[in-house]
2 protein chains.
Amino acid sequence: MMATSGGSPPFPRFDFSAGGSLMSASNSDHWRPRRVAIVGPGLLGGSFALALKRWHPAVQILGYARRGETVSAALDAGVLDAGGDSLVDACRDCDLICVATPVDVLPAQVIEAAQVCAPEALVTDVGSTKASIVAAIERDPAAGRVFVGSHPIAGGEKSGPEHARADLFDGRTVVVTPGERSDPERLVQTCALWRHLGAGAVLTTTPTEHDHLLAATSHLPHLVAAALAALLPEAAEPFVGPGWRSTTRVAGGSAEMWSAICRDNGPAIVAQLDQMSAQLDLLRAAIASGEAGPLVAMLERARANRLRAGGA
Amino acid sequence: MMATSGGSPPFPRFDFSAGGSLMSASNSDHWRPRRVAIVGPGLLGGSFALALKRWHPAVQILGYARRGETVSAALDAGVLDAGGDSLVDACRDCDLICVATPVDVLPAQVIEAAQVCAPEALVTDVGSTKASIVAAIERDPAAGRVFVGSHPIAGGEKSGPEHARADLFDGRTVVVTPGERSDPERLVQTCALWRHLGAGAVLTTTPTEHDHLLAATSHLPHLVAAALAALLPEAAEPFVGPGWRSTTRVAGGSAEMWSAICRDNGPAIVAQLDQMSAQLDLLRAAIASGEAGPLVAMLERARANRLRAGGA
């Protein structure tokens, strides 16, 4: 049974369906963070901060980034209230920490943050891969206790706090990926938090399931878009139109960030690339044959999937 | 030297750079069609009609479609002034005809239209392929004399006259593809016309060059988007986000129309598919190796191409 109160915010309320079997949702529903740190206040970390302030204006948000200019830009954009000189400085005594850095540096930062945060703190992230991150963090008992992994399926090819938006997560899907050592109360709290930040659906999977699913829905499309963009002959540039632009849009994203994702989720991505190559071989054979039947059938299946999964 | 007049419309003026060597642009610049036929008043044909009315409100626009419901929908959408019972009925005595049907039926319709149009008529099209269309039309002397091929790089995955828009071509690139028998005056007239309909750039190529360039910028991206959409496992649908949606957007287009394009431009598309497969193999090897260097380099090249060709 969910607790209700007259002072609840104008956002979708917590409805994590498995919550009843874990605990009453009432604690999480009334929880408000007091002092928050964003490690890596870029597009996603900055949007996390702005969405948090929209829900809970009284919160104090500190931030840390390896590059001092990122913190300055985040302060200029109104994303942070203050910057820390170090990760430890920013995270000390915080009761909510979001680590929004590239996936190859993220686990060590969560472990460092876990040593100085408030005892009751929740630490989460926005990383695009989960299995190796959660495994690395759970090897540290203190970090494994406070951390629950998250992946909001939102973002864009423009990075930096100057592009952060309070509504970036509105209506989006967020995947929350508890590990073997995750604290059930913090899991419920994490799901509730994303609802407060605007998420349209909060789904839970294991970290490994997440990585297999996202290899198909995000990592493969990114690589395919990048391959298309890399192939464009210079002479063809003036002949590019809206189709090429939308198909390659995500290839405008950070090469460093995506390289880290690909290396982290290598085997699942390689399996997806093999499926894609096989699918292109089938298309090639259908076109080379000159027969309409097999080609129309494949394009119809693609169209039906696109309309069902992607909306009109 | 271009003629100017106080009554010129508020659109970019004709600036086809090769025009001077063909003829003075002044005739084309003052030309206004009187009676127009749209064969296939769908998204593109309907938008051609609406853009034409925006430029020249007094024009009378007739239309013909194989399916009677298309003509009814076009009349309801205000795209056409009247429908014809047959192609010949709609095109008789017209001085401008746009054939906007799938590329496999288009040439025969141009040849039929050329037999009944006004002697001074211009006949053009909006087909996504050009070499076989122009060759087939030029085998008919009457059609070869009045026809100049066009391909506006605009459109969308939604078809039908109800989605037609007067601004569909605004700022877009249009490729005009004269054949060996094309009338130079009609070529200049076609380029000027597209400017009046809102085009941002009007480029001329041979039909064969067009097909090779568009295989890279349009046909390959379409097939890659379709392959991605066809591969999506049902279990992964809830995990789809904005990246998958934009990468696969064009796969929502008509399977019949795209099948006809692929068969028409088969060899150029097969060559592009082979390049794409080779590029994916390189990506696969870079990811499987676990080394960051080659992967970052490839993603950086993709990003640079995307930003240069696609805008921010």
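Below is a summary of the structure that appears in this document. Keep in mind that what you see is a predicted model, and the values were worked out from it rather than measured. (Residues numbered from 1 in each chain as written. Chains lettered and ligands numbered in written order. Predicted model: local features only at pLDDT ≥ 70, side-chain atom pairs only at ≥ 80, totals over all residues. Heavy atoms only, no water.)

1. Structural notes on the overall build of chain A
Phase 1: Assigned secondary structure in chain A consists of 14 helices and 8 strands.
Phase 2: What you see for chain A is a C-alpha radius of gyration of 21 Å, in line with the 20 Å of a compact globule of 312 residues.
Phase 3: In terms of overall dimensions, chain A has C-alpha extents of about 65 × 45 × 40 Å along its principal axes.
Phase 4: Sequence-distant contacts in chain A: of pairs separated by 6 or more residues, those separated by 24 or more amount to 73%.
Phase 5: About 11700 Å² of surface is accessible on chain A, with carbon and sulfur atoms providing 52% of the total.
Phase 6: Averaging the coordinates of the 26 positive side-chain charges in chain A and doing the same for the 32 negative ones gives two points 4 Å apart. (Helix = DSSP H or I, 4+ residues; strand = E, 2+ residues; numbered from the N terminus. Rg over C-alpha atoms; globule rule 2.2 N^0.38 Å. Contact = heavy atoms within 4.5 Å. Areas by Shrake-Rupley, 256 points an atom, 1.4 Å probe, with all protein chains shown as cover. Lys, Arg positive; Asp, Glu negative; His and termini not counted. Charge placed at Lys NZ, Arg CZ, Asp CG, Glu CD.)

2. Remarks on the sheet that holds strand 8 (residues 201-204) of chain B
All names here are of chain B.
Phase 1: Pairing is mixed in the open sheet, where 3 strands are placed in the order 6-7-8. At either margin of the open sheet sits one strand with a lone partner, and together these are strand 6 (149-152) and strand 8. Strand-to-strand twist of the sheet, defined as the mean angle between neighbouring strand axes without regard to direction, takes the value 20 degrees.
Phase 2: As defined by bridge partners, strand 6 adjoins strand 7 (residues 173-177) across 4 bridges and the pair is classed as antiparallel. Following the sheet pairing, H151 is matched in strand 7 by V175. (Pairing = 2+ DSSP bridges. Axes fitted to C-alpha atoms, helices over the stretch in contact; angles between N-to-C directions.)

3. Focus: the relation of the copies chain A and chain B
Phase 1: Expressed as a screw operation, the relation of chain A to chain B combines 0.0 Å of axial shift with a rotation of 180 degrees, fitting to an RMSD of 0.0 Å. Taken together, the rotation and translation relating the two chain copies correspond to the operation of a two-fold axis. Distance from the rotation axis, computed per C-alpha, reaches its smallest value in chain A at T247 of chain A: 2.0 Å.
Phase 2: The fraction of interface residues of chain A whose copies in chain B are also interface residues reaches 100%, indicating that both copies meet through the same surface. (Least-squares fit on C-alpha atoms with pLDDT ≥ 70 in both.)

4. Section: the pattern of salt bridges
Phase 1: Throughout the structure, instances matching the rule amount to 17 salt bridges over all chains.
Phase 2: A salt bridge links R165 of chain A to D167 of chain A; its shortest N-O distance comes to 2.9 Å.
Phase 3: R165 of chain A sits in the partly exposed class, given a relative accessible area of 43%.
Phase 4: Given the relative accessible area of 36%, D167 of chain A is considered partly exposed.
Phase 5: The shortest N-O distance in the salt bridge between D274 of chain A and R284 of chain B comes to 2.5 Å. A residue pair is termed interchain when its members come from two chains, as with D274 of chain A in helix 13 (residues 266-289) and R284 of chain B in helix 13 (residues 266-289). (Salt bridge = Lys/Arg side-chain N within 4 Å of Asp/Glu carboxyl O. Buried < 20%, exposed > 50% of the residue type's maximum accessible area, 1.4 Å probe, protein only.)

5. What about helix 3 (residues 43-55) of chain A?
Residue and element names in this part refer to chain A.
Phase 1: When the terminal C-alpha atoms of helix 3 are compared, their 18 Å separation across 13 residues agrees well with the 18 Å that a helix rising 1.5 Å per residue should span.
Phase 2: When you tally the buried positions in helix 3, you get 12 out of 13 residues, the bulk of the element.
Phase 3: Lining the buried residues of helix 3 we find strand 1 (35-39), strand 2 (60-64), strand 4 (96-99), strand 5 (122-125), strand 6 (149-152) and helix 9 (184-196). (Expected span 1.5 Å × (residues − 1).)

6. Description of the interface of chain A and chain B
It is common to give the size of an interface as the accessible area that goes away when the parts come together.
Phase 1: Contact residues are listed per partner, giving 83 residues for chain A and 83 residues for chain B.
Phase 2: Here chain A meets chain B over a buried area of about 7400 Å², counting both sides, of which 69% is carbon and sulfur.
Phase 3: Only strand 7 (173-177), helix 10 (207-231), helix 11 (242-248), helix 12 (255-264), helix 13 and helix 14 (292-310) of chain A provide two or more residues apiece to the side of chain A that touches chain B.
Phase 4: Residue classes in the side of chain A that touches chain B are distributed as 48 nonpolar, 19 polar and 16 charged. (Buried area = accessible area lost by both parts, 1.4 Å probe. Nonpolar A, V, L, I, M, F, W, Y, C, P; charged D, E, K, R; others polar.)

7. Comments concerning the sheet that holds strand 6 of chain A
Residues and elements named next belong to chain A.
Phase 1: Spatial ordering of the open sheet is given by 6-7-8, a layout of 3 strands whose pairing is mixed. Looking at strand neighbours, the two that pair on one side only are strand 6 and strand 8 (201-204), the edges of this open sheet. Put simply, the sheet's adjacent strands are angled 20 degrees from each other on average, direction ignored.
Phase 2: With 4 bridges joining them, strand 7 and strand 8 adopt parallel strand pairing. Each residue of the ladder has a partner; that of V176, found in strand 8, is T204.

8. Let's talk about the side chain of T247 of chain A
Phase 1: Tracing the backbone through its elements, the reader meets T247 of chain A in helix 11.
Phase 2: Within the structure, T247 of chain A has its side chain in polar contact with the backbone oxygen of G243 of chain A (distance 2.7 Å).
Phase 3: In contact with T247 of chain A, other than residues within four places in its own chain, are A225 and L228 of chain A together with P221, A225, S246, T247 and V250 of chain B. (Polar contact = N/O pair within 3.5 Å; in protein donor to acceptor, adjacent residues only side chain to side chain.)

9. Re the packing of aromatic side chains
Residue and element names in this part refer to chain A.
Phase 1: For the coordinates displayed, the defined rule picks out 4 aromatic pairs over all chains.
Phase 2: Look at F48 and W194: their rings are 5.5 Å apart centre to centre, the planes differ by 80 degrees, and that puts the pair in the edge-to-face class. In this pair, F48 is assigned in helix 3 and W194 in helix 9, connecting sequence segments 146 residues apart.
Phase 3: Its relative accessible area of 0% is what places F48 among the buried residues.
Phase 4: Residues F169 and W194 carry aromatic rings whose centres are separated by 5.2 Å and whose planes lie at 85 degrees to one another, so their mutual orientation is edge-to-face. One end of the pair, F169, is in the loop between strand 6 and strand 7; the other, W194, is in helix 9, and 25 residues separate them in sequence. The exposure classification of F169 matches that of W194, with both residues buried.
Phase 5: The rings of F48, F169 and W194 are connected pair by pair, giving a single aromatic cluster. (Phe/Tyr/Trp six-rings, centres within 6.5 Å; stacked < 30°, edge-to-face > 60°.)

10. Points about the environment of G155 of chain A
Residue and element names in this part refer to chain A.
Phase 1: Here G155 lies in the loop between strand 6 and strand 7.
Phase 2: The partly exposed category is assigned to G155, whose relative accessible area is 29%.
Phase 3: For the pair G155 and L44, spaced 111 residues apart in sequence, the C-alpha to C-alpha distance is 6.5 Å.
Phase 4: Each residue touching G155, except ones within four places of it in the same chain, is listed here: L43, L44 and L168.

11. As for the packing of helix 10 of chain A against helix 13 of chain A
All names here are of chain A.
Phase 1: Orientation of helix 10 relative to helix 13, taken along the N-to-C sense of each, is 60 degrees, at an axis distance of 9 Å. When the interaxial angle is binned, helix 10 and helix 13 end up oblique. For the pair helix 10 and helix 13, the sense of crossing is right-handed. Every residue of helix 13 that contacts helix 10 at D211, H212, A215, A216, H219, L220, L223 and V224 is listed here: A268, I269, Q272, L273 and M276.
Phase 2: Taken together, the residues of the contact of helix 10 with helix 13 break down into 9 nonpolar, 3 polar and 1 charged. (Parallel < 35°, antiparallel > 145°, perpendicular 65-115°, else oblique. Left-handed = near helix turned anticlockwise from the far one by under 90°.)

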